[in-house]
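Listed below, chain by chain, are the residues.
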Amino acid sequence: AYDAARTAFERLAEADRRAVQEALVWTGDYNGTIGTTFGRRTFEALQAVQRRAKAPADGILDERARAGLLAAAAREKTAAGF
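From a predicted model like this one, the values you see are computed outputs, not experimental measurements.

**Examining the packing of helix H2 (residues 14–26) against helix H4 (residues 63–79)**
The interhelical angle for the contact between H2 and H4, taken along N-to-C directions, is 50°, at an axis separation of 8 Å. Classified by the angle between their axes, H2 and H4 sit oblique to one another. As for how H2 packs across H4, the hand of that crossing is left-handed. For the pair formed by H2 and H4, the contact residues are Asp16, Ala19, Val20, Glu22, Ala23, Leu24 and Trp26 on the first element and Arg66, Leu69, Leu70, Ala73, Glu76 and Lys77 on the second. Among the residues forming the contact of H2 with H4, the class breakdown is eight nonpolar, no polar and five charged.

Okay, structure coming up:
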């Protein structure tokens, strides 16, 4: 599952990879450096998001799940005054 998730993540545009990791920070799922590389922490954070959504925890976000993650992060940023 890890390799498939890494491949899917790396297919995203650089800006999208950064946005996903930043969103994972804002949702409290990722504690690491925001960048464009995929590692164990990113994988586990994506799985946590999927578990909360009661989706298969394979670490691969489809467009709908990614949009939901970005929306959740935006709500957290707004609540924090950013």
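**Observations regarding the packing of aromatic side chains**
Following the criterion strictly, the structure yields five aromatic pairs and no others. Consider the rings of Trp26 and Phe82, whose centres lie 5.1 Å apart with planes at 65°: the pair is edge-to-face. One end of the pair, Trp26, is in helix H2; the other, Phe82, is in the segment after H4, and 56 residues separate them in sequence. Among the residues examined, Trp26 registers a relative accessible area of 24% and is labelled partly exposed. Put simply, the rings of Tyr2, Phe9, Phe38 and Phe43 touch in pairs and so form one group of aromatic residues.

**Here's the deal with the pattern of salt bridges**
Within this structure, the stated rule accounts for seven salt bridges. With a shortest N-O distance of 4.0 Å, Glu10 and Arg6 are connected by a salt bridge. Linking Glu10 with Arg6, this pair stays in helix H1 (residues 2–11), spanning four residues, or about one helical turn. Of the residues examined, Glu10 reaches a relative accessible area of 44% and is grouped as partly exposed. Residue classification places Arg6 among the partly exposed positions, given a relative accessible area of 28%. Glu22 is paired through a salt bridge with Lys77; the nearest N and O atoms lie 3.2 Å apart. In this pair, Glu22 is assigned in helix H2 and Lys77 in helix H4, connecting sequence segments 55 residues apart. Owing to a relative accessible area of 31%, Glu22 belongs among the partly exposed residues under this scheme.

Reading the values: the criteria
- Residues numbered from 1 in each chain as written.
- Predicted model: local features only at pLDDT ≥ 70, side-chain atom pairs only at ≥ 80, totals over all residues.
- Heavy atoms only, no water.
- Axes fitted to C-alpha atoms, helices over the stretch in contact; angles between N-to-C directions.
- Helix = DSSP H or I, 4+ residues; strand = E, 2+ residues; numbered from the N terminus.
- Parallel < 35°, antiparallel > 145°, perpendicular 65-115°, else oblique.
- Left-handed = near helix turned anticlockwise from the far one by under 90°.
- Contact = heavy atoms within 4.5 Å.
- Nonpolar A, V, L, I, M, F, W, Y, C, P; charged D, E, K, R; others polar.
- Phe/Tyr/Trp six-rings, centres within 6.5 Å; stacked < 30°, edge-to-face > 60°.
- Buried < 20%, exposed > 50% of the residue type's maximum accessible area, 1.4 Å probe, protein only.
- Salt bridge = Lys/Arg side-chain N within 4 Å of Asp/Glu carboxyl O.

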